[in-house]
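An overview of the molecular structure
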Amino acid sequence: LAGSDFCDVEHLGMVLEGSATVVFDDGVVHELYKNDLFYVSPRPHDSWVVGEEDYISIHFLGADSYAK
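Everything numeric here is computed off the predicted structure, so don't read it as measured data.

The next point concerns the overall build of the protein. Per the secondary structure count, the protein includes zero helices and six strands. Start at the N end of the protein and walk to the C end: the helices and strands fall as β-β-β-β-β-β. Computed over its C-alpha atoms, the radius of gyration of the protein comes to 11 Å, within 12% of the 11 Å expected for a compact globule of 68 residues. Seen along its three principal axes, the alpha-carbon backbone of the protein occupies a region of about 25 × 25 × 20 Å. Among the 68 residues that make up the protein, the fraction classed as buried is 26%. In the protein, the proportion of contacts linking residues at least 24 apart, taken out of those at least 6 apart, comes to 59%. For the protein, the accessible area works out to roughly 4700 Å², and carbon and sulfur atoms hold 55% of it.

Listed below in structure tokens is the structure:
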């Protein structure tokens, strides 16, 4: 969606359903689970949904840079 290998948008949000993985370009990995509050710095990163359950999160910061 970002049109690049990595996203450089800062994210602040909460996971409402499902789980996801965030990995930074230096190899640091974070798992996000239902009810987690999360902060993802603008360091280059990628993320993906884990498992079969839908992933739903609300972003308080960052979505205006890439969501339509």
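The rest of the description comes next.
Tracing the backbone through its elements, the reader meets D64 in the segment after β6 (56–61). Accessibility expressed as a relative area gives 73% for D64, which makes it exposed. The sequence separation of D64 and V9 amounts to 55 residues, and the corresponding C-alpha distance is 9.6 Å.

All told, the structure shown has two salt bridges when counted by the stated rule. Here K34 and E17 are joined by a salt bridge, their closest N and O atoms 3.7 Å apart. With K34 in the loop between β3 (29–33) and β4 (37–40) and E17 in strand β1 (residues 11–17), this pair connects stretches of sequence that are 17 residues apart. On the accessibility criterion, K34 (45% relative accessible area) is partly exposed. Across the pair D26 and R43 runs a salt bridge, and its minimum N-O distance is 3.3 Å. On the criterion of sequence distance, the pair formed by D26 in the loop between β2 (19–24) and β3 and R43 in the loop between β4 and β5 (45–50) is long-range, its members being 17 residues apart. Relative accessible area serves as the criterion here: at 37%, R43 is assigned to the partly exposed category.

Criteria and cut-off values
- Residues numbered from 1 in each chain as written.
- Predicted model: local features only at pLDDT ≥ 70, side-chain atom pairs only at ≥ 80, totals over all residues.
- Heavy atoms only, no water.
- Helix = DSSP H or I, 4+ residues; strand = E, 2+ residues; numbered from the N terminus.
- Rg over C-alpha atoms; globule rule 2.2 N^0.38 Å.
- Buried < 20%, exposed > 50% of the residue type's maximum accessible area, 1.4 Å probe, protein only.
- Contact = heavy atoms within 4.5 Å.
- Areas by Shrake-Rupley, 256 points an atom, 1.4 Å probe, with all protein chains shown as cover.
- Salt bridge = Lys/Arg side-chain N within 4 Å of Asp/Glu carboxyl O.

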